[in-house]
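Chain by chain, the residues:
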Amino acid sequence: MVKSHVSPFRIGFLLIDGFALMSYSAALEPLRAANLLAGRTLYDIRHMSASGAPAVSSSGAIVETTARCGRDFDFDLLLVVAGGDPASVHDAKVFQWLRQLARRGVALGGVSGGPVILTAAGLMDGRRMTVHWEHAAALGEISPSLMVQRSLYVIDRDRMTCAGGTAPLDMMHAVLTEHHGPAFARQVSDWFMHTEIRPSAGPQRAGLVERYGTTNGAVIQAIEVMENHIADPLDLGQLAGLAGLGPRQLNRLFSEKLGQSTMGFYRNLRLEKARNLIVQTSLALTEIALATGFASSAHFAKSFRDRYQAAPSSLRPTSAAPV
């Protein structure tokens, strides 16, 4: 997850002509509302286009920009918002600039067709990601080995990708929760009458409720945070804080509602994700270990065997090199 810094948090929007206005607004407006409700500038927002000219949405709406990409901005996060046919974008200067930002440690995100732009720039290798279903085929053509999930949004370390539409509202709720706590994030969501916050991995909250058989808000909140931190696991104290409880309280709830400890559940969630990646992708097992938050291949292999009574390589149709 993108880490919060001393306010204001500097975020840029790179708008690619033909971007979807709803996707853009759903990502921008929670940040504007956060500034308004806090009574100070929590988020310093800048807009830019590839050429520096005003950006034109798919509906013809024009968004004024303050600069063009390529400038030496000191962002904490840059979001690329695209729509239409993002696979047709072949702007070497844009790709080079995005790679420069990544090398400097700037977190990068893509909304709607934006993940296609990040992929074309070579910035999504070894990262879990999502994209609007309309652009999924284009991603497959760029790289068939990508770890694409059919999710509302995916946050993998310093990359965040979002399917667009209204899904950025849910993604920004997760960001605001991380930066300023669940109570403030809820205040912003209520501002937009966004009363049902959907988890990153599913289309609606009921999916988690049905999957795990609990309606307890703190447990559901903790699971959502876990799903956003697969590659960079949080500790018990961090999970409890984001769920609004103490560590012992959260552990007690997980034991009561799910029959296992908080961190045991978290480890199994990561192992389940790893199992899916082994079966569904051709990624090397060492890459899968890193993508699911295991510090070493040996630790991953042992944890996997303990959970599934089988070596990770045994799930591959053709045996790969052992971890």
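Residues numbered from 1 in each chain as written. Predicted model: local features only at pLDDT ≥ 70, side-chain atom pairs only at ≥ 80, totals over all residues. Heavy atoms only, no water.

## Observations regarding the overall build of the chain
Turning to step 1, where the next piece is worked out: When helices and strands are counted, the chain shows 13 helices and eleven strands.
Turning to step 2, where the next piece is worked out: Burial statistics for the chain: of 323 residues in total, 53% are counted as buried.
Turning to step 3, where the next piece is worked out: Within the chain, counting contacts between residues at least 6 apart in sequence, those at least 24 apart form 63% of the total. (Helix = DSSP H or I, 4+ residues; strand = E, 2+ residues; numbered from the N terminus. Buried < 20%, exposed > 50% of the residue type's maximum accessible area, 1.4 Å probe, protein only. Contact = heavy atoms within 4.5 Å.)

## Here we look at the pairing of strand S2 (residues 43-49)
Sheet faces and side chains relate simply in a regular strand, where the side chains alternate between the two faces.
Turning to step 1, where the next piece is worked out: Of the pairings in the sheet, the one linking strand S1 (residues 9-15) to S2 comprises six bridges and is parallel in character. Pairing of glycine 12 across the sheet is with arginine 46, part of S2.
Turning to step 2, where the next piece is worked out: Read from S1 through helix H1 (residues 21-38) to S2, the crossover connection turns out right-handed. (Pairing = 2+ DSSP bridges. Right-handed = clockwise from strand over helix to strand, strands pointing away.)

## Observations regarding the confidence of the model for the chain
Turning to step 1, where the next piece is worked out: Mean pLDDT over the chain: 86, with 90% of residues reaching 70 or higher.
Turning to step 2, where the next piece is worked out: Ignoring residues within four places in sequence, the model shows residues 319-323, a span with pLDDT below 50, making eight contacts including any to other chains. (pLDDT = per-residue confidence, 0-100.)

## Regarding the packing of aromatic side chains
Turning to step 1, where the next piece is worked out: Evaluation of the coordinates by the stated rule reveals seven aromatic pairs.
Turning to step 2, where the next piece is worked out: Taking the centre distance of 5.8 Å and the plane angle of 70° together, the rings of phenylalanine 9 and tyrosine 43 count as edge-to-face. A residue pair is termed long-range when its members are at least 10 positions apart, and phenylalanine 9 in strand S1 and tyrosine 43 in strand S2 qualify at 34 residues. The same class applies to phenylalanine 9 and to tyrosine 43, which are both buried.
Turning to step 3, where the next piece is worked out: One aromatic cluster is present, formed by Phe294, Phe300, Phe304 and Tyr308 through successive ring pairs.
Turning to step 4, where the next piece is worked out: The residue whose ring lies beneath arginine 270 is tyrosine 266, and the NZ or CZ to ring-centre distance is 6.0 Å.
Turning to step 5, where the next piece is worked out: The cationic tip of arginine 270 hangs over the ring face of phenylalanine 294; the distance from NZ or CZ to the ring centre is 4.3 Å. (Phe/Tyr/Trp six-rings, centres within 6.5 Å; stacked < 30°, edge-to-face > 60°. Lys NZ or Arg CZ within 6 Å of the ring centre and 35° of its normal.)

## Some thoughts on the pattern of salt bridges
Turning to step 1, where the next piece is worked out: Counted by the stated rule, this structure contains ten salt bridges.
Turning to step 2, where the next piece is worked out: Between arginine 104 and aspartate 74 there is a salt bridge, with its nearest N and O atoms 3.9 Å apart. One end of the pair, arginine 104, is in the loop between helix H2 (92-103) and strand S7 (107-112); the other, aspartate 74, is in the loop between strand S5 (67-68) and strand S6 (77-82), and 30 residues separate them in sequence.
Turning to step 3, where the next piece is worked out: Classification of aspartate 74 by relative accessible area gives partly exposed; the value is 47%. (Salt bridge = Lys/Arg side-chain N within 4 Å of Asp/Glu carboxyl O.)

## Notes on the sheet that holds strand S10 (residues 153-156)
Turning to step 1, where the next piece is worked out: One open sheet accounts for seven strands, arranged S5-S2-S1-S6-S7-S11-S10; its pairing is mixed. Where the open sheet ends on each side, the last strands, each with one partner, are S5 and S10.
Turning to step 2, where the next piece is worked out: Lying over the sheet, H1 contacts S1, S2, S6 and S7, oriented at roughly 150° with respect to S2. (Axes fitted to C-alpha atoms, helices over the stretch in contact; angles between N-to-C directions.)

## Digging into the side chain of serine 57
Turning to step 1, where the next piece is worked out: Mapping serine 57 onto the fold places it in the loop between strand S3 (55-56) and strand S4 (62-63).
Turning to step 2, where the next piece is worked out: Beyond its immediate stretch of four places on either side in the chain, serine 57 contacts Gly18, Phe19 and Leu21.

## Remarks on H2
Turning to step 1, where the next piece is worked out: In this model H2 runs 16 Å from its N-terminal to its C-terminal C-alpha over twelve residues, within 8% of the 16 Å that 1.5 Å per residue would give.
Turning to step 2, where the next piece is worked out: Within H2, the full set of buried residues consists of Val94, Phe95, Trp97, Leu98, Leu101 and Ala102. Looking straight down H2, one finds that the buried residues subtend no more than 165° of arc, so they occupy a single side. What points out from H2, more than 90 degrees from its buried face, is the exposed set Ala92, Lys93 and Arg103.
Turning to step 3, where the next piece is worked out: On its buried face, H2 is in contact with S1, S2, S6, S7, helix H3 (114-120) and strand S11 (159-162).
Turning to step 4, where the next piece is worked out: At the C-terminal side of H2, glycine 105 shows a positive phi close to 90°. (Expected span 1.5 Å × (residues − 1). Arc of directions from axis to C-beta.)

## Regarding the pairing of S7
Turning to step 1, where the next piece is worked out: Among the six residues that make up S7, six are buried, leaving the element largely enclosed by the rest of the structure.
Turning to step 2, where the next piece is worked out: In this sheet, S7 lies alongside S6 in parallel orientation, the contact comprising six bridges. When the sheet's bridge partners are listed, leucine 77 is paired in S7 with alanine 107.
Turning to step 3, where the next piece is worked out: Handedness of the β-α-β unit built from S6, H2 and S7 comes out right-handed.
Turning to step 4, where the next piece is worked out: Here four bridges tie S7 to S11, and the two strands are oriented parallel to one another.

## Brief notes about the nonpolar core
Turning to step 1, where the next piece is worked out: Among the nonpolar cores identified, the biggest contains 34 residues, and Phe13, Leu15, Tyr24 and Tyr43 are the most heavily contacted of them.
Turning to step 2, where the next piece is worked out: Residue assignment for this core shows that the elements contributing at least two residues are S1, H1, S6, S7, S10, S11, helix H5 (167-180) and helix H6 (182-191).
Turning to step 3, where the next piece is worked out: Among residues more than four places away in sequence, those in contact with tyrosine 43 are Pro8, Phe9, Leu31, Ala34, Asn35, Val175, Leu176, His179 and His180.
Turning to step 4, where the next piece is worked out: Counting residues in each nonpolar core, the second largest holds 30 residues, with Phe73, Ala82, Ala102 and Leu139 among its members. (Core = buried A, V, L, I, M, F, W, Y, C linked by side-chain atoms within 4.5 Å.)

## Let's talk about the packing of helix H8 (residues 217-228) against helix H9 (residues 236-243)
Turning to step 1, where the next piece is worked out: The interhelical angle for the contact between H8 and H9, taken along N-to-C directions, is 125°, at an axis separation of 9 Å. Relative to H9, the element H8 is oriented oblique. Judged by the twist between their axes, the crossing of H8 over H9 is right-handed. Where H8 abuts H9, its residues Ala218, Gln221, Ala222, Val225 and Met226 lie against Leu239, Leu242 and Ala243.
Turning to step 2, where the next piece is worked out: Broken down by class, the residue content of the contact of H8 with H9 amounts to seven nonpolar, one polar and no charged. (Parallel < 35°, antiparallel > 145°, perpendicular 65-115°, else oblique. Left-handed = near helix turned anticlockwise from the far one by under 90°. Nonpolar A, V, L, I, M, F, W, Y, C, P; charged D, E, K, R; others polar.)

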